[in-house]
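Examining the three-dimensional arrangement
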Amino acid sequence: MNKTITDNSNLPVDDSSDSSAYLQTDETAAALDFGSLFSDRFVNITPLHNSKASPTELFSATRFGKRFVLKGLKEQHRADPIQNMALAKEFEIGMFLDHPNIRRTIGLESVDGLGKAIILEYVDGSTLEELLATGCITKANARTIAAQIADALAYMHSKQVLHRDLKPSNIIVSHQGDIAKLIDFNLSDSQAFVILKNPAGTRNYVDPEQLKPNARPSVLADIYSFGVVIDELAEAAGDSLLRDMALKCMNPNPAKRPQSFSAVKLPSVNPSTKETMSAMLASKTLTYILLCACAALAAEIIYLLLSVYK
């Protein structure tokens, strides 16, 4: 029986014991400087957002080559026990929530130069406020964002958590895929906490009921704020159906608003045939075309009648 002998002398040899052969250097892998790639410390810490009215500030940072957002107290507030309790409360609420349309809270750590900081998911995108300012919102965009935020709020309410500061600047829309995420739980509330029970919100988005004496946080307050947000989306996209739902959510009488997000009926992201036809019939251009067609048909009929009676 003949055996085939293979000559492997010209094939590359995988000598993993000598990494320098691949690196084309005399240094071993252990001696190479990979910088901060394998460090568990935050580096490249740069300011991201700082509001004069807020006791907190945001920073961008990297760890293990990945980007994060750090939220900590401003230096003048780091020794304030109330502000530290509020930061701990925001962290605990964030950790409690797990939803694809809510920015993930990852941890709470002491960071050099910042003190205690909440570690947050970095979302590559723009705030809805910035997106609205571009004037590039389409009907599909508006409905997709509205549906995602409604789903996130419904989830929060099912966990007995209220957002209490819903507005376009607290919604981030990713650059890829139009994924919207709720952010900032600084004013959020749940039954598990006893601090910061006073009314909260941002002017123009807060429920008018919250401005009255002895007002209490409620689901209906979040629904009102949601209505204001989707009203801005509807105006930007020219979406009359979305605006109809916004007006229901913004009803000054809380008893006449949807009482939960299960009762908030948003228009479909993909318009139905009926809606498409309604939009066409409501179009001024289509009306003009139909009038011209009717005029041309009438002229043809008159011409034929005149021809017959000649």
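An account of the accompanying structure is given in this report. Here the residue index of a chain counts from 1 through its sequence in written order. Selection of residues for local features in this predicted model requires a pLDDT of at least 70, selection of side-chain atom pairs for listing and counting requires 80 or more, and totals for whole chains, interfaces and linings are taken over all residues. The basis for every side-chain value is the complete set of heavy atoms in the structure, and neither hydrogens nor water enter the calculation.

This part takes up the pattern of salt bridges. A side-chain nitrogen of Lys or Arg and a carboxyl oxygen of Asp or Glu constitute a salt bridge if their distance falls within 4 Å. Evaluated as defined, the whole model comprises 11 salt bridges. Across the pair R143 and D239 runs a salt bridge whose closest N-O atoms are separated by 2.6 Å. A residue pair is termed long-range when its members are at least 10 positions apart, and R143 in helix α4 (residues 139-158) and D239 in the loop between α5 (219-237) and α6 (240-249) qualify at 96 residues. Just as R143 is buried, D239 falls in that class too. Each of the salt bridges in this network shares a partner with another, and the network as a whole consists of K71, E90 and D184. Only DSSP runs of H or I with at least four residues qualify as helices, and only runs of E with at least two residues qualify as strands; both kinds are numbered from the N terminus onward. Three labels apply to residues, based on accessible area from a 1.4 Å probe with only protein chains included: buried if under 20% of the type maximum, exposed if over 50%, partly exposed otherwise in between.

Attention now goes to the sheet that holds strand β5 (residues 115-121). Strand pairing requires that DSSP identify at least two bridges connecting the strands. Spatially, 5 strands are ordered β1-β2-β3-β5-β4 in an open sheet, and the strand pairing comes out antiparallel. In this open sheet, the two edge strands, each paired with only one partner strand, are β1 (43-50) and β4 (105-111). Shown here is a sheet whose adjacent strand axes are inclined to one another by a mean of 30 degrees, direction ignored. In this sheet, strand β3 (residues 66-73) lies alongside strand β2 (residues 56-63) in antiparallel orientation, the contact comprising 8 bridges. Paired with A61 across the bridge in β3 is F68. Throughout, a contact is declared for two residues whenever any of their heavy atoms are within 4.5 Å. Axis angles are defined between N-to-C directions and span 0 to 180 degrees, where every axis is a line fitted to C-alpha atoms and, for a helix, only to the segment in contact. Its contacts with the sheet put helix α2 (residues 81-96) on β2, β3, β4 and β5, and the angle it makes with β4 is roughly 150 degrees.

Note on placement: N141 falls in helix α4. For N141, a relative accessible area of 18% gives the class buried. Contacts of N141, omitting those with residues within four sequence positions, involve C136 and D178.

Side-chain atoms within 4.5 Å link the members of a nonpolar core, which is a set of buried Ala, Val, Leu, Ile, Met, Phe, Trp, Tyr and Cys residues. If you look at the biggest cluster of nonpolar residues, it comprises 39 residues, and the most contacted ones within it are I149, I171, L182, F226 and L233. It is α5 that provides the largest number of residues to this core, a total of 10 residues. Look past the residues within four positions of F226 in its chain and what remains in contact with it is A146, I149, A150, L153, L166, C249, F261, V264 and L266. Ranked by size, the runner-up nonpolar core spans 9 residues in total, among them A61, V111, L114 and A117.

Before going further, it helps to spend a moment on α5. Multiply 1.5 Å by the residue count of a helix minus one, and that product is the helix's expected span. With 19 residues, α5 should cover 27 Å at 1.5 Å per step; its first-to-last C-alpha distance of 27 Å lies within 8% of that length. For α5, the tally of buried residues reaches 15 of 19 residues, placing the bulk of the element in the interior. Following α5 by one or two positions, G238 adopts a phi angle in the positive range, close to 65 degrees.

Attention now goes to empty space enclosed by the protein. In this analysis the probe radius is 1.4 Å and the grid spacing 1 Å, with only protein atoms considered; a cavity is a set of points the probe fits into but cannot get out of, a pocket is an open set with protein on both sides within 12 Å along at least five of seven lines, and lining residues have an atom within 4 Å of a point. Grid points are joined across faces, edges and corners, and a volume is the space filled by probe spheres set on the points. What the rule picks out here adds up to 2 cavities of 30 Å³ or more. Computed from the structure, the second largest cavity encloses a volume of approximately 50 Å³. In terms of lining, the second largest cavity is formed by K71, E90, R103, T105, L120, I183, D184 and F185. Residues are grouped as follows: Ala, Val, Leu, Ile, Met, Phe, Trp, Tyr, Cys and Pro are nonpolar; Asp, Glu, Lys and Arg are charged; every other residue, Gly included, is polar. Broken down by class, the residue content of the lining of the second largest cavity amounts to 3 nonpolar, 1 polar and 4 charged.

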